[in-house]
Amino acid sequence: MPRVRLLVGTRKGAFILTSDEARQKWEIEGPLFGGWEIMHMKGSPLNPDRIYASQWTDWFGQVVQRSDDGGKSWDAVGNEFSYDGVAGTHQWYDGTPHPWEFKRVWHFEPSPRDPEVVFAGVEDAALFRSNDGGAHWTELSGLRTHATGSTWAPGAGGMCLHTILIDPARVERMYVAISAAGAFRTDDGGGSWAVATGGLSSDFLPDPSASVGHCVHNMAMHPSRPDTLFMQKHWDVCRSDDAGDNWTEVSGNLPSDFGFPIGVHAHEPETIYVVPILSDSQHFPPDGKLRVYRSRTGGNEWEALTRGLPQEDCYVNILRDAMAVDSLDSCGIYFGTTGGQLYGSSDSGDTWMAIAEHLPTILSVEVQTLP
Amino acid sequence: MALPAHLRTLAGVEGEVHLELGASPSFGALLDALEARHPVLRGTIRDHRGTTRRPLLRFYADGVDLSHQPLDAPLPASAVEGSEVIQVVGAIAGG
């Protein structure tokens, strides 16, 4: 009987939640690594018992944990992330040059081809690869040394590489997103990169349609349509049907097109989810109502999903890596809030339940569908 | 030496850590010995090159702030003798 395992990273540790196919009763284990920020956890699609966790604090820096038994036990693996060569500078908030400095890992993406290969997206923005299950890390420096790299600048949350999408049929093609540099695509496994921001517009930029500088908050892709990408940007929800070369806005009737996460239904490539918040200065849901918005048309036409979610006095946020979908026949969708609530739906978002309500601030949510 | 709680948990140690050093013990030699015994601590107190202290940590012993001393400076005699504990202290957190 299939099972579901949620990997929840929070400001004060990690939590692992498990349930059966019904997804109504959950067992909660944690906090693991109590007191540490767990930026992200993700399991290998080839070996679900292999899970990586990014463990970090400002005091003690980066630790990388790996489990090979589904989270029952953990071992610290390599935590040395050295930029390739002379790191150089990027732009600081005020436009002055600032040295590239490693701070932390925002996102792990295990390879769908090789269980020993895993990618790490880090702050200051760079992409690292490990070929030995996280023991050693090598920068794919073609990204950071892109011709535009010295002009990249951080968003308020830091200059983080937070999204890594791998084309499962052609793993040499990957997409990454960086706040606030934009989106990039490689077709050679990370050696060289192309800007993937055509058609994006950001009013805060001196040139709104510049090739870099867009604050991409999150991107999503359905594995059956790897040329179609969905993006939640710092204002605007967008889609591309040509691998990021050209984007069109599909915000449509959303009450606000500001938000952080975006997700795609496991079995319906044109069904997508966002959680709007009011604005860049007010990171909470409009009208105090926590509403997930679903489009079954790949954008533009959106419906509010509210059943089981708080519809008054709710002022939490949902961070960029804090939403995930499972792949059971009746697709489940999950998200965590800055208030420590973890919500889940086992029916594509029609109805919701609070799985946990009093966790620390939730930074990330991933889900594994287990046989 | 005494580690902050996060590092004790990470390294799986309880209480103070007692380390054997060579004839001319320095703070650098102390950290070398600590990281050799507990490799998981590499990168958490100083960088991987072993040269730069993480900014939110300070080192104290016998009432003296050792944080800005060169790594090859000798340890206080009291710490070498074991009558004083070298403390790794994290900046206090608010909230």
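Residues numbered from 1 in each chain as written. Chains lettered and ligands numbered in written order. Predicted model: local features only at pLDDT ≥ 70, side-chain atom pairs only at ≥ 80, totals over all residues.

**A word on the overall build of chain B**
And then number 1: Helix and strand counts for chain B come out as 3 helices and 3 strands.
And then number 2: Overall, chain B shows an N-to-C arrangement of helices and strands of α-α-β-β-α-β.
And then number 3: A compact globule built from 95 residues should have a C-alpha radius of gyration of about 12 Å, and chain B, at 13 Å, falls within 12% of that.
And then number 4: Reported as C-alpha extents along the three principal axes, the dimensions of chain B are approximately 40 × 25 × 25 Å.
And then number 5: Burial analysis of chain B (95 residues in total) assigns 22% to the buried set.
And then number 6: Relative to all contacts within chain B whose residues are 6 or more apart in sequence, the contacts with residues 24 or more apart total 55%. (Helix = DSSP H or I, 4+ residues; strand = E, 2+ residues; numbered from the N terminus. Rg over C-alpha atoms; globule rule 2.2 N^0.38 Å. Buried ≥ 20, exposed ≤ 12 C-beta atoms within 10 Å, placed from the backbone. Contact = placed C-beta atoms within 7 Å.)

**Things to note about the overall build of chain A**
And then number 1: Assigned secondary structure in chain A consists of 0 helices and 30 strands.
And then number 2: The C-alpha atoms of chain A give 19 Å as radius of gyration, which agrees with the globular expectation for 371 residues (21 Å, within 12%).
And then number 3: When its C-alpha atoms are laid out on the principal axes, chain A stretches across 50 × 45 × 40 Å.
And then number 4: Counting only residues that meet the buried cut, chain A has 53% of its 371 residues in that class.
And then number 5: Here the analysis covers contacts within chain A between residues at least 6 apart in sequence; of these, 49% occur between residues at least 24 apart.

**Quick look at helix α2 (residues 27-37) of chain B**
Residues and elements named next belong to chain B.
And then number 1: Taken together, the buried positions of α2 are F27, L30, L31 and L34. When α2 is viewed along its axis, its buried side chains cluster within an angular range of 95° and face the same direction.
And then number 2: Those residues of α2 that are buried lie in contact with β1 (57-61). (Arc of directions from axis to C-beta.)

**Description of the interface of chain A and chain B**
Reports often express the size of an interface as the amount of accessible area lost when the parts come together.
And then number 1: Taken together, the contacts link 12 residues of chain A with 12 residues of chain B.
And then number 2: Here the side of chain A that touches chain B takes 3 residues from strand β6 (residues 61-67) of chain A, the largest share from any one element.
And then number 3: Of the residues belonging to the side of chain A that touches chain B, the class tally is 5 nonpolar, 5 polar and 2 charged. (Nonpolar A, V, L, I, M, F, W, Y, C, P; charged D, E, K, R; others polar.)

**Looking at the environment of T138(A)**
All names here are of chain A.
And then number 1: Of note, T138 is situated in strand β13 (residues 138-139).
And then number 2: Looking at T138, the number of C-beta atoms within 10 Å reads 13, which means it is partly exposed.
And then number 3: For the pair T138 and S281, spaced 143 residues apart in the sequence, the C-alpha separation amounts to 37 Å.
And then number 4: Apart from residues no more than four positions distant in its own chain, T138 is found in contact with F128 and R129.

**With respect to the environment of L359(A)**
All names here are of chain A.
And then number 1: Here L359 lies in the loop between β29 (353-356) and β30 (362-370).
And then number 2: For the pair formed by L359 and D329, sequence separation is 30 residues and the distance between their alpha carbons is 29 Å.
And then number 3: Every residue in contact with L359, bar those within four places of it in the chain, is listed here: V8, T10, F15, G340 and L342.

**So, the sheet that holds strand β28 (residues 342-345) of chain A**
Residue and element names in this part refer to chain A.
And then number 1: Read from one edge of the open sheet, 4 strands run β26-β27-β28-β29, paired in antiparallel fashion. Each having just a single partner strand, β26 (323-325) and β29 make up the two edges of the open sheet. Here the average twist between neighbouring strands, direction ignored, is 25°. (Pairing = 2+ DSSP bridges. Axes fitted to C-alpha atoms, helices over the stretch in contact; angles between N-to-C directions.)

**Side note on unusual backbone geometry**
One can expect most non-glycine residues to show negative phi and most peptide bonds to be in trans.
Residues and elements named next belong to chain A.
And then number 1: The residue after G30, namely P31, is reached through a cis peptide bond having omega 0°.
And then number 2: Relative to the helices and strands, P31 resides in strand β3 (residues 27-32).
And then number 3: The linkage connecting S179 with the following residue, A180, adopts the cis geometry, with an omega of 5°.
And then number 4: Positive phi, normally seen in glycine, also occurs at F33, with a value near 55°.
And then number 5: Here F33 is to be found in the loop between β3 and β4 (37-43).
And then number 6: Residue class for F33 comes out buried when judged on the 23 C-beta atoms lying within 10 Å of it.
And then number 7: Of note, D287 is a non-glycine position whose phi angle comes to about 65°, a positive value.

**Observations concerning the nonpolar core**
And then number 1: With 123 residues, the main nonpolar core has V8(A), V176(A), I178(A), M219(A) and Y334(A) as its most contacted residues.
And then number 2: Each residue touching M219(A), except ones within four places of it in the same chain, is listed here: T163(A), L165(A), Y175(A), A177(A), A183(A), L229(A), F230(A), M231(A) and I262(A). (Core = buried A, V, L, I, M, F, W, Y, C linked by C-beta atoms within 7 Å.)

**Describing the pairing of strand β5 (residues 51-57) of chain A**
All names here are of chain A.
And then number 1: Most of β5 sits inside the fold, with 7 of its 7 residues counted as buried.
And then number 2: What you see with β5 is no split at all: I51, A53, Q55 and T57 on one side and Y52, S54 and W56 on the other are buried throughout.
And then number 3: In this sheet, β5 lies alongside β4 in antiparallel orientation, the contact comprising 6 bridges. For M41, the partnering residue across the bridge sits in β5 and is A53.

**Concerning the sheet that holds β6(A)**
All names here are of chain A.
And then number 1: Pairing within the open sheet is antiparallel, and its 4 strands lie in the order β4-β5-β6-β7. Two strands bound the open sheet, and with one partner strand each, they are β4 and β7 (75-76).
And then number 2: The pairing of β6 with β7 spans 2 bridges and is antiparallel. Each residue of the ladder has a partner; that of Q65, found in β7, is A76.

**Some words on the environment of D187(A)**
And then number 1: Examined against the element boundaries, D187(A) turns out to sit in the loop between β16 (182-186) and β17 (194-195).
And then number 2: In this structure, the C-alpha to C-alpha distance between D187(A) and L305(A), residues 118 residues apart in sequence, is 37 Å.

**Points about the confidence of the model for chain B**
Regions with low pLDDT carry predicted coordinates that are not meant to be interpreted in detail.
And then number 1: Per-residue confidence for chain B gives a mean pLDDT of 91, with 98% of residues at or over 70.
And then number 2: Averaged over each element, pLDDT in chain B is lowest for strand β2 (residues 64-65) of chain B (88) and highest for helix α1 (residues 5-11) of chain B (96). (pLDDT = per-residue confidence, 0-100.)

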